[in-house]
Amino acid sequence: MKIVISFFILLFFVSCNSDNKKSKNDISDSDFSNLKTEVNNLKDEIQNLKKSKSKFWIYYQNDLIFFDSSNFAIKLFSKRPDKQNNQFVISIPAAFTDDPKKNSNLIDGYFIENGNLISNDMNTYLSGVCIISKNRPIIIPSLNLKQARNTAVESKSSLFQQFLLLYNHKRISNLEFENKDSSKRKLLRRALVEIDNQVFIVESKGQHSIIDFQNLLVSNKVKNAIYLDMGTYSEGWYKNDDGKINSIGETMKNTDKQSNWIVFEKM
């Protein structure tokens, strides 16, 4: 903000000097040249900030942490993303992983990666579908799962199933989830959300029941939201501007059993 204000102040002086040549007694040619140089330098700095892939993309608001995807491509992976890959800035689990005692590292629900059908395990209890096309997600109710699957395969898009939390600003009741999870159980919560045509990963700063988390999203003007795996599978990570890796999540004992990830990648 200070850079922008300084830019307009300098631009004002340059403009005044250009419009009123009689004021040259008040400002020398060298001073005027220096002002123009400063304006150009500020223009360059503003452009560099706009091009920055990491500055200002994480912020806190109303008990939520927001990870802004605006400067990144959103990708879905069935192979664990490499933390040392400089292009990746955040990685967290997306779809649920089935109980490894029953199914070894099997992704719960349909899972498609760039048109490749990784899991054909349709789950009709999961109320939402996230389709990632051209690096941007679309969050919709799972009304016709087979059609969504076929469309994603044909268009070489990515797709995963999860519980739909909000749709068109309204809380979606997920009785299967709420009964298993218990409305009184409080955990860290995480979701992929849409706000005013922008996409964020959000994580609660405190522990919430699923219904309280949905209400918190509503109070933050979220339009659409789909849940992301948490609990013992919740470990993820993000990088600071300097590349330092920070772990996020809680009760991470099943990190090694995670089966899929959503990633923000530098463009």
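Residues numbered from 1 in each chain as written. Predicted model: local features only at pLDDT ≥ 70, side-chain atom pairs only at ≥ 80, totals over all residues. Heavy atoms only, no water.

Draft legend 1. Fine view of the nonpolar core. Counting residues in each nonpolar core, the largest one holds 27 residues, and the members touching the most others are F67, I90, F160, L192, I201, I262 and F264. Of all elements in the fold, only strand 2 (64–68), strand 3 (72–77), strand 4 (88–93), strand 7 (128–133), strand 13 (198–204) and strand 17 (261–266) reach the threshold of two or more residues within this core. Not counting the four nearest positions on each side in its chain, I262 is found in contact with I74, K75, L76, I90, S91, I92, A94, I132, F160, L192 and I201. Membership of the second largest hydrophobic core comes to 22 residues, among which are F163, F177, A191 and F200. (Core = buried A, V, L, I, M, F, W, Y, C linked by side-chain atoms within 4.5 Å. Buried < 20%, exposed > 50% of the residue type's maximum accessible area, 1.4 Å probe, protein only. Helix = DSSP H or I, 4+ residues; strand = E, 2+ residues; numbered from the N terminus. Contact = heavy atoms within 4.5 Å.)

Draft legend 2. Seen up close, the pattern of salt bridges. Scanning the model with the defined rule gives three salt bridges in all. Note that R190 and E203 form a salt bridge whose closest N and O atoms lie 2.7 Å from each other. You can see R190 sitting in strand 12 (residues 190–195) and its partner E203 sitting in strand 13, a full 13 residues away along the chain. When its relative accessible area of 0% is taken as the criterion, R190 is described as buried. (Salt bridge = Lys/Arg side-chain N within 4 Å of Asp/Glu carboxyl O.)

Draft legend 3. Inspection of the side chain of S259 at higher detail. Positionally, S259 belongs in the loop between strand 16 (245–248) and strand 17. Residue S259 is classed as buried on the basis of its relative accessible area, which comes to 6%. Among the polar contacts listed, one links the side chain of S259 to the side chain of T97, at a separation of 2.6 Å. Within the local environment of S259, its side chain forms a polar contact with the side chain of N260, the two groups lying 3.0 Å apart. (Polar contact = N/O pair within 3.5 Å; in protein donor to acceptor, adjacent residues only side chain to side chain.)

Draft legend 4. A look at the pairing of strand 2. Counting buried residues in strand 2 gives five out of five residues, a clear majority hidden from the surface. Both faces of strand 2 are covered, namely the face carrying L64, F66 and D68 and the face carrying I65 and F67. Alignment of strand 1 (residues 58–61) against strand 2, held across four bridges, turns out to be antiparallel. Each residue of the ladder has a partner; that of Q61, found in strand 2, is L64. The antiparallel pairing of strand 1 with strand 2 creates a hairpin that spans two residues between the two strands, and N62 there sits at a positive phi of about 50°. (Pairing = 2+ DSSP bridges.)

Draft legend 5. A look at the packing of aromatic side chains. Here the structure, examined in full by the defined rule, presents 11 aromatic pairs. A ring pair is formed by F72 and F264, whose centres lie 6.1 Å apart and whose planes are at 20°; its orientation type is stacked. Separated by 192 residues along the polypeptide, F72 in strand 3 and F264 in strand 17 bring together distant segments of the chain. The pair F72 / F264 is uniform in exposure class, with both members buried. Ring centres 5.6 Å apart and planes at 55° place the aromatic pair F77 and F88 in the tilted group. Highlighted residues: F77 in strand 3 and F88 in strand 4, separated in sequence by 11 residues. Comparing F77 with F88 shows no difference in burial state: the two are buried. Within the aromatic cluster, the residues linked to one another by ring pairs are W57, F67, F72, Y238 and F264. (Phe/Tyr/Trp six-rings, centres within 6.5 Å; stacked < 30°, edge-to-face > 60°.)

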